[in-house]
Amino acid sequence: MSDYLHFTRTGLPSEVLDLAQRDLAPLQHHEVRVAMRYSPINPADLNFIEGVYGKLAELPATPGHEGSGEVVEIGPDVESLAVGDLVIPLGGSGCWAQHLTLPEHKLAKLPAHIDLIQASMLRINPITAARLLEGYIDLEKGEWILQNAANSGVGRAVIQIAKARGHRTLNFVRRPELIDELKALGADVVLLDNDDSVAEAKAITHGDAPRLAGNAVGGDSAIRMMDVLAPEGTMVTYGAMSRRSLKVPNKFLIFKNLNLRGLWVTRWLEKASHTELQATLKPLAEMMCEGTLHLAVDEVVPLRDYRTAITKAMQDGRKGKIILDLRND
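Here, residues in each chain are numbered from 1, in the same order as that chain's written sequence. The predicted origin of the model limits local features to residues at a pLDDT of at least 70 and limits the giving and counting of side-chain atom pairs to 80 or more, whereas totals for whole chains, interfaces and linings rest on all residues. Side-chain numbers come from the whole structure's heavy atoms, not from hydrogens or water.

Peer 1: Got a sec to walk through the packing of aromatic side chains? Specific residues and values, please.
Peer 2: Two rings belonging to Phe, Tyr or Trp (six-membered ring only in the last case) form a pair when the distance between their centres is within 6.5 Å. Interplanar angles under 30 degrees mark stacking, angles over 60 mark edge-to-face geometry, and anything in between is tilted. Within the structure shown, the criterion is met by 3 aromatic pairs. Arranged with centres 5.8 Å apart and planes meeting at 90°, the rings of Phe 7 and Phe 48 form a pair that is edge-to-face. Here Phe 48 lies in helix H2 (residues 43–50) and Phe 7 lies in the loop between strand S1 (2–6) and helix H1 (13–16), a separation of 41 residues in the sequence. Accessibility classification places Phe 7 together with Phe 48 in one group, the buried group. Aromatic ring contacts, followed pair by pair, group Phe 7, Phe 48, Tyr 53 and Trp 264 into a single cluster. Whether a charge sits over a ring depends on NZ of Lys or CZ of Arg being within 6 Å of the ring centre and within 35 degrees of the ring normal. The aromatic ring of Tyr 4 is capped on one face by Arg 22, whose charged end is 4.2 Å from the ring centroid. The numbering of helices and of strands both runs from the N terminus, where a helix is a DSSP run of H or I of at least 4 residues and a strand a run of E of at least 2. Only protein chains enter the accessibility calculation, which uses a 1.4 Å probe; a residue is then buried when its area is under 20% of its type maximum, exposed when over 50%, and partly exposed in between.

So, in structure tokens, the structure goes:
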């Protein structure tokens with residue numbers, strides 16, 4: 001028997017989620033059984049349970065868009081994986097379970113010495129950050145990248161990946177206590193996300209204005225970044241933390257000819273070839289192994305205490321992700 005979380009109706013996660021058990025069916029052909037170790041609680045997971053995510057659940061459903069685990073059994077035709085390999089699932093949901101069964105092409109093999117807690121957060125935020133940095137314009141070393149919500153999981157990944165690639169980051173945050181913390185992580189400049197910082201940001205990047213911005217907030221914050229961007233610059237929106245629509249002043253389209261793009265990493269993962277996936281995942285996994293890419297964790301909570309974990313994940317002021325510990329007690 002294997003424990004897993006599921007919901008039969010959408011709603012408040014702490015109310016509609018239940019812990020259940022299921023039998024494990026025999027493996028077929030290219031199927032792989034993974035003993036899941038850890039899985040983070042992401043905003044996308046909560047939205048999925050609430051029924052407001054970009055892809056609606058087919059009920060009953062098991063949430064959990066990312067996680068890490070170890071291969072414990074393989075089907076008779078599996079060629080790319082072996083028992084004992086460390087892996088992450090590449091798509092869909094279902095990671096809030098002690099065991100996951102997937103076709104081998106839906107799993108990515110990890111380095112044997114990677115930290116599985118860190119690896120459980122590899123699929124969403126680091127890949128989003130990497131796609132932001134490499135999927136829209138060709139950045140040269142020393143260029144500025146502008147972003148808001150710089151203390152978010154994606155924002156922290158952008159800072160570390162950009163630093164490793166020789167780019168500079170100009171970061172907007174809402175709270176002053178985050179400034180020194182993000183500078184210690186490798187951020188070049190951290191400013192408060194308000195109207196007063198626009199002039200300061202322009203002065204800092206004078207003559208070398210950023211051509212790329214990552215927007216996770218929307219509303220007034222996005223307008224401020226459009227003001228700082230260079231003419232013909234690109235702003236990539238991948239989140240909407242303010243829950244306010246993106247309203248674009250005409251002058252930024254007419255006089256600056258800005259490019260507005262969107263990024264949903266789930267869609268990219270669905271369409272990416274195996275070669276593209278490996279080209280993105282491998283360097284990120286290596287950075288995790290080296291300690292040059294480290295994602296913040298607030299607390300690791302046992303699966304049986306999932307209601308406590310959900311409550312903490314929905315609170316402000318956390319120092320990182322809440323991680324579900326899926327290992328057998």
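There is more to say after this.
Peer 1: Could you give me a rundown of the sheet that holds strand S10 (residues 189–192), with the residues and numbers involved?
Peer 2: By this definition, two strands are paired if DSSP reports at least two bridges between them. Strands sit in the order S10-S9-S8-S11-S12-S13 across an open sheet of 6 strands; the sheet is parallel. The sheet is open, and its two edges are formed by S10 and strand S13 (259–262), each paired on a single side. Sheet twist, expressed as the average angle between the axes of neighbouring strands with direction ignored, equals 20°. Strand direction decides the pairing type here: strand S12 (residues 234–237) and S13, joined by 4 bridges, are parallel. When the sheet's bridge partners are listed, Val 236 is paired in S13 with Arg 261. It only takes one pair of heavy atoms within 4.5 Å for two residues to be counted as in contact. Every angle, taken between N-to-C directions, lies between 0 and 180 degrees, and every axis is a line fitted to C-alpha atoms, over only the stretch in contact when it is a helix. Here helix H4 (residues 125–134) sits on the sheet and contacts strand S8 (144–147), strand S11 (212–215) and S12; the angle it forms with S11, its principal contact strand, is near 150°. On top of the sheet, helix H8 (residues 219–228) reaches S8, strand S9 (168–173), S11, S12 and S13; it is set at about 175° to S11, its chief contact.

In short, geometric facts, not functional conclusions.
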